[in-house]
Amino acid sequence: MRLPQVLCILTLVAGLSCSASAWAEEEEVPLPRHMTTEERARWTPPLSVPLRAPPPGPVRAIAEYEPNAGILMRWTATSSLLPLQTEMITKVTTVDSRAKVFLVVASSAQQASATTALSNAGADLARVQFVIAASDSIWMRDYGPRYVVDEAGQLAIIDHTYNRPRPNDNLIPTALSNAWNQPRYEIGLLHGGGNYHLFDDRAAFLTNLIFDPSEGNPSLSLADVQARYLDYQGNLVEVTAALPQALDATRHIDMWMLPASRDSVIISEYSPSLLGGVPAQVTNDMATTLTDRGYTVFRTPGFQCSGAHCTYANAVILNDLVLTCRFTPASNPNQYAAQNAQAVSVFQQAFPGRTIDTVDCTNIIALAGAIHCIVMHVPEAGTVVLFRDGFED
């Protein structure tokens, strides 16, 4: 069996050796997707964030349903999350025909333990490439590199400032840019990457969290934000309402919406009695807007579960494979069996010809995120193109 690849990038960002470990490798309690009480108490939004010149030519951000080389993840051996990670990585490396997992680990020792866990789970280690780098949390979607393609079909990284006091996480795009020799452009936004979804025709959406006084950019106008996304990612961005924090602590759009193709989308559906009907209003309004524009809109259940926000739209599309959540509480494993089955049925309709599978998200959802939140797509260089079917203009 071929050994997994490993790339050490500590020396590129911190002057450390691959054997060094200056940060905690195994969190006893993993950081949630939202800020902890302690983080919130010491968080002061930066007065300014890095802004560098945009890419010199036209670019386009890549939709998740387009061809991908793999997904970028961050390993944690926290006992509550280990089963999810091993299940997910095993399915990615054995069900999809070609995708890799680029897996950030804290040290060579953690790489060894991850290798053992993944091998025992049946993952194809030949399709796991380890990256040794410092990080703070598992939420790769929120701090990882956003990829665009240029006229030559080359990939570049668009980087934002992570809206959490987690400095190692914030450095991951810089580290990967250096290690993989990919140009990096700083978009000048305080942001979490999960609050953004796009289609390959340049349409893109995020919630009004982008203007939040603490976690966003209150000094920018809508026109400012739209100009940034157009210049740096080639997107025509629209801003929509967020779900209330009483349901979704992140207020990210990826907790309730998933583009499935150029003309189809999955949107969560909520009971009109939940929280005064606000979640239903937000999502129904978006469903109506996109239906009126010609999209086929599929609906999957969204609901509160033991104080968390259970959603199936927080899913991962990866070439031949589509992974969504299932929820199986230990106290009653069949409590959400009907919702789990409904979601799989909807995904089968939305993704004909692809394999639909599930990952147990019962534990991670209590941390205010699910499987889409812990990955960042790495597009397949040379197969994605700048202009698609007449969208040059």
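Remember, it's a predicted structure, so these values are computed and weren't measured experimentally. (Residues numbered from 1 in each chain as written. Predicted model: local features only at pLDDT ≥ 70, side-chain atom pairs only at ≥ 80, totals over all residues. Heavy atoms only, no water.)

1. Observations regarding the confidence of the model for the protein chain
What counts, and what does not: Scored from 0 to 100, pLDDT reflects the predictor's confidence in each residue. Counting from the N terminus, the helices are the DSSP runs of H or I reaching at least four residues and the strands are the DSSP runs of E reaching at least two. Contact between two residues is taken to exist if any of their heavy atoms lie within 4.5 Å; hydrogens are not considered.
Averaged over all residues, the pLDDT of the protein chain equals 92, while 90% of them reach at least 70. Here helix H1 (residues 10-13) stands out as the element of the protein chain with the lowest mean pLDDT, 40, in contrast to strand S13 (residues 264-269), whose mean of 99 is the highest. Confidence drops under pLDDT 50 across residues 10-24; counting only partners more than four residues distant or on other chains, this segment forms 28 contacts.

2. Thoughts on the sheet that holds strand S2 (residues 59-61)
The line we're drawing: Strand pairing is assigned whenever DSSP detects at least two bridges linking the two strands. Here the axes come from fitting lines to C-alpha atoms, over the contacting stretch only for helices, and the angles between their N-to-C directions go from 0 to 180 degrees.
The 4 strands are arranged S2-S6-S7-S8 in an open sheet whose pairing can be described as mixed. The open sheet terminates on both sides in strands that have one partner only, identified here as S2 and strand S8 (184-191). Between one strand and the next, the sheet's axes are offset by a mean angle of 35°, whatever the strand orientation. In terms of strand pairing, strand S7 (residues 155-162) meets S8 through 5 bridges, oriented parallel. Pairing of Ile 157 across the sheet is with Arg 184, part of S8.

3. Quick word on the pattern of salt bridges
Operational definition: Any Lys or Arg side-chain nitrogen found within 4 Å of a carboxyl oxygen on Asp or Glu counts as a salt bridge.
For the structure on display, the rule yields 19 salt bridges. The partner of Arg 60 in a salt bridge is Glu 66, with the nearest N and O atoms 2.9 Å apart. A salt bridge links Glu 215 to Arg 251; the nearest nitrogen and oxygen atoms lie 3.8 Å apart. Placement of Glu 215 in the loop between strand S10 (203-207) and helix H8 (222-233) and of Arg 251 in the loop between strand S11 (236-240) and strand S12 (257-261) is noted, with a sequence separation of 36 residues between them. Look at the salt bridges and you will find they share partners, linking Arg 40, Arg 164, Asp 212, Glu 215 and Arg 251 into a network.

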